[in-house]
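# Analysis of the macromolecular model
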Amino acid sequence: MFLYGKTFVGPGILRRMARVYSPSRIAAYENCPLKFKYRYVDKKPAMRATIEAFLGRRVHEALEKLYRDRQFEKTPEVDDLVDFYHRQWEKEMDDSICVVKDGYSPDNYRKMGEKYIRQYYRSYEPFDEGATIALEQRVRFPLGDGFSIMGYIDRLADNDGTYEVHDYKTSLTLPTVDDLSRDRQLALYALAVRHMYDDADDVELVWHYVAFDKELRVRKSDEELQAVKQETLQAVRDIETAIRQGDFEARESGLCPYCEYQPLCPLFKHKYQVDELPAEDAREEDGRALVNRYAELKNKIAELEQLKDDVKERLVRYAESNDARYVYGSDRIANVKVYHNPWFPNQDDPEREAFESLLREQGLFDDYTRLDTFALSKAFQKNQLPDDAAKKLEPYVTTRTVERIYLRQRDRD
Ligand code: SF4
């Protein structure tokens, strides 16, 4: 849940300047700017939900209930808690929840959740470690430049004067403490707790990886927390720049199979469109037929290129062994020339630096090195040039359209 300011910037595309950011919102941009746009700029409803996220929510609900009951001096039996979990599962489950991993059904995930709750219960009973201050606590603090960070802490506890930020994770990957030392989310929550509570000098971050029945703890120094704050502020500024420029690239990654906007994404929408067609129409569909033909031709060309290289090699050997410079075919004559040219170190050659210094020393550098317009164009496109230089270069820029098609195996869908 996120709050937005009311400033409207520029015509056309909706550009509400977001003043309040959450760690998950920032992470969404970093993982895929296009998904960020769908969710937070266009505010498109999710087109599907993954069973992993569904399972996470149900386990969170059960653990919240456990500690909520404890606040009222009631300790639910583990079977009651598991019953609650199953009831919530049935109530919330619908057809939009998809299972991405082949070979597993929602029921497998349901059993996983039950196991996590039972494990947690066994490990923490009688649940008297730290006094719960708040559950699903909304926290907020000023980040700088008029931005705020907001989020929800699963459980905030007081353990002998130390504030503990507890977070439940149902991930099937167990990070190391070192990985978690670089985690932004809980570090920001620690800053929020320090901002909200005067006596919160000491804050400990506690992750519960419930699939492994493991608890991981990290404390952050003032310097580390300030570094996280600065790095987060820079991340927010980058996002604001992207919003102003309408620059949201699709960033393909291992997260794509779990993306709720896959049916909209230009990387995957064609697959969804074709999958919806009857089998016969799908085979004939224009895009599919063109890709098939293109792949077929590319294969043939590759085979022919290979054949051509083999024949060329044999022809050169033939000319050499016959001491012939011209070799006569039926309609064509092959003029076989073999050159032995001098060659200086390329850009990636370890000797290149010394070589360039020598050229400069000899006054040859300017005459024999060419401006790399490709690298310059890239730097210009990515806003990597100093502002002043970029402005002065602008009159020289034209747009060149480059069309490329890369083929790959479909099993990477
Ligand atoms: S499917 Fe992948 S690339 Fe497309 S929007 Fe989602 S995360 Fe981004």
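Residues numbered from 1 in each chain as written. Predicted model: local features only at pLDDT ≥ 70, side-chain atom pairs only at ≥ 80, totals over all residues. Heavy atoms only, no water.

What follows deals with the site of the ligand. Inspection of the region around the ligand gives Cys32, Lys35, Ala250, Arg251, Cys256, Cys259, Gln262, Cys265, Leu267 and Phe268 as its neighbouring residues. Partitioned by chemical class, the residues of the shell around the ligand number seven nonpolar, one polar and two charged. (Near = heavy atom within 4 Å. Nonpolar A, V, L, I, M, F, W, Y, C, P; charged D, E, K, R; others polar.)

Now for the domain arrangement of the protein chain. Assigned domains within the protein chain: domain 1 (49-124) and domain 2 (129-245). On the domain 2 side, the residues contacting the 15 residues of domain 1 number 16 residues. In total, domain 1 and domain 2 occlude about 1,500 Å² of area from one another, counting both sides; carbon and sulfur atoms represent 60% of this. One can count zero salt bridges joining domain 1 with domain 2. Summed over the shared surface of domain 1 and domain 2, the result is six residue pairs in polar contact (both at pLDDT 80 or more). (Domains from an automatic or database assignment. Contact = heavy atoms within 4.5 Å. Buried area = accessible area lost by both parts, 1.4 Å probe. Salt bridge = Lys/Arg side-chain N within 4 Å of Asp/Glu carboxyl O. Polar contact = N/O pair within 3.5 Å; in protein donor to acceptor, adjacent residues only side chain to side chain.)

This part takes up the packing of helix 1 (residues 23-31) against helix 7 (residues 184-196). Viewed as axis vectors pointing N to C, helix 1 and helix 7 meet at an angle of 150°, and their least axial separation amounts to 9 Å. When the axis of helix 1 is compared with that of helix 7, the two are roughly antiparallel. Judged by the twist between their axes, the crossing of helix 1 over helix 7 is right-handed. Between helix 1, through Pro23, Ile26, Ala27 and Glu30, and helix 7, the contact on the second element is made entirely by Arg184, Gln185, Leu188 and Tyr189. (Axes fitted to C-alpha atoms, helices over the stretch in contact; angles between N-to-C directions. Helix = DSSP H or I, 4+ residues; strand = E, 2+ residues; numbered from the N terminus. Parallel < 35°, antiparallel > 145°, perpendicular 65-115°, else oblique. Left-handed = near helix turned anticlockwise from the far one by under 90°.)

Attention now moves to the side chain of Thr50. Its place among the elements puts Thr50 in strand 2 (residues 49-50). Looking at Thr50, the relative accessible area reads 8%, which means it is buried. Those residues in contact with Thr50, other than ones at most four positions away along the chain, are Ile97, Cys98, Val100 and Tyr258. (Buried < 20%, exposed > 50% of the residue type's maximum accessible area, 1.4 Å probe, protein only.)

What follows is about the pairing of strand 7 (residues 203-209). Burial analysis of strand 7 places seven of its seven residues in the buried class, the great majority of the element. Residues of strand 7 alternate between two faces, with Val203, Leu205, Trp207 and Tyr209 on one and Glu204, Val206 and His208 on the opposite face, all of them buried. For strand 6 (residues 162-169) and strand 7, the ladder comprises seven bridges, and the chain directions are parallel. The residue of strand 7 that forms the bridge with His166 is Val206. (Pairing = 2+ DSSP bridges.)

What follows concerns unusual backbone geometry. Glu125 connects to Pro126 through a cis peptide bond whose omega is 10°. Here Pro126 is to be found in the loop between helix 5 (106-124) and strand 4 (131-144). Of note, Asp145 is a non-glycine position whose phi angle comes to about 55°, a positive value. Tracing the backbone through its elements, the reader meets Asp145 in the loop between strand 4 and strand 5 (147-159). For Asp160, which is not glycine, the phi torsion reads 50° and is therefore positive. On the secondary structure map, Asp160 appears in the loop between strand 5 and strand 6.

It is worth spelling out a negative patch on the surface at this point. Where like charges cluster on the molecular surface, the negative patch consists of Asp158, Asp160, Asp198, Asp199 and Asp201. Among the secondary structure elements, Asp199 is positioned in the loop between helix 7 and strand 7. (Patch = residues over 30% accessible without salt bridge, like charges linked within 9 Å, V, L, I, M, F, W, Y side chains within 5 Å. Areas by Shrake-Rupley, 256 points an atom, 1.4 Å probe, with all protein chains shown as cover. Lys, Arg positive; Asp, Glu negative; His and termini not counted. Charge placed at Lys NZ, Arg CZ, Asp CG, Glu CD.)

This part is about helix 8 (residues 222-245). Taking 1.5 Å as the rise per residue, helix 8 with 24 residues should run 34 Å; its terminal C-alpha atoms sit 35 Å apart, in good agreement. Within helix 8, the full set of buried residues consists of Leu225, Val228, Lys229, Thr232, Leu233, Ala235, Val236, Ile239, Glu240, Ala242 and Ile243. Positive backbone phi, at 60°, marks Gly246, one or two positions downstream of helix 8. (Expected span 1.5 Å × (residues − 1).)

Before going further, it helps to examine the side chain of Arg184. Along the polypeptide, Arg184 turns up in helix 7. Only 2.6 Å separates the side chain of Arg184 from the side chain of Glu231, close enough to count as a polar contact. The residues contacting Arg184, other than those within four sequence positions of it, are Ile26, Ala27, Glu30, Val228, Glu231, Thr232 and Ala235.

Here the structure, examined in full by the defined rule, presents zero disulfides. The thiol sulfur of Cys98 is not disulfide-bonded, and the nearest other cysteine sulfur, from Cys259, lies at 10 Å. Relative accessible area serves as the criterion here: at 18%, Cys98 is assigned to the buried category. (Disulfide = S-S within 2.5 Å.)

Per-residue pLDDT for the protein chain averages 92, and the proportion of residues at 70 or more is 95%. In the model, residues 1-18 has pLDDT below 50 throughout and makes 35 contacts with residues more than four positions away in sequence or in other chains. (pLDDT = per-residue confidence, 0-100.)

This brings us to the packing of helix 1 against helix 2 (residues 33-41). Packing of helix 1 against helix 2 brings their axes to within 5 Å, and their N-to-C directions diverge by 135°. On the basis of their axis angle, the class for helix 1 and helix 2 is oblique. Counted together, Ser24, Arg25, Ala28, Tyr29 and Asn31 of helix 1 and Pro33, Phe36 and Tyr40 of helix 2 form the full contact between these two elements. Grouping the amino acids of the contact of helix 1 with helix 2 by side-chain chemistry returns five nonpolar, two polar and one charged.

What follows concerns helix 14 (residues 373-381). Because an α-helix packs 3.6 residues into every turn, residues spaced three or four apart end up facing the same way. The N-terminus of helix 14 is capped by Asp372, whose side-chain oxygen sits 3.3 Å from the backbone nitrogen of Phe374. Phi turns positive one or two residues past the end of helix 14, at Asn383, with a value near 55°.

Here is a general trend for soluble globular proteins: nonpolar side chains tend to be buried in one another's company. Of all hydrophobic cores here, the largest spans 41 residues; its most connected members are Tyr21, Phe36, Val165, Val193 and Val203. Judged by nonpolar contacts, the second largest core, of 27 residues, contains Ala49, Leu55, Val82 and Trp89. (Core = buried A, V, L, I, M, F, W, Y, C linked by side-chain atoms within 4.5 Å.)

Moving on, we get to the packing of aromatic side chains. If you walk through the whole model with that rule in mind, you get 14 aromatic pairs. A centroid spacing of 4.8 Å and a plane angle of 80° characterise the contact between Phe54 and Trp89, whose relative ring orientation is edge-to-face. Highlighted residues: Phe54 in helix 3 (residues 51-71) and Trp89 in helix 4 (residues 78-92), separated in sequence by 35 residues. Side by side, Phe54 and Trp89 carry an identical accessibility label, which is buried. Among the aromatic residues, those joined into a cluster by ring pairs are Tyr67, Tyr120, Tyr121, Tyr124, Phe127 and Tyr168. For Arg58, the ring lying beneath its charged end belongs to Phe54, and the centroid distance is 4.6 Å. (Phe/Tyr/Trp six-rings, centres within 6.5 Å; stacked < 30°, edge-to-face > 60°. Lys NZ or Arg CZ within 6 Å of the ring centre and 35° of its normal.)

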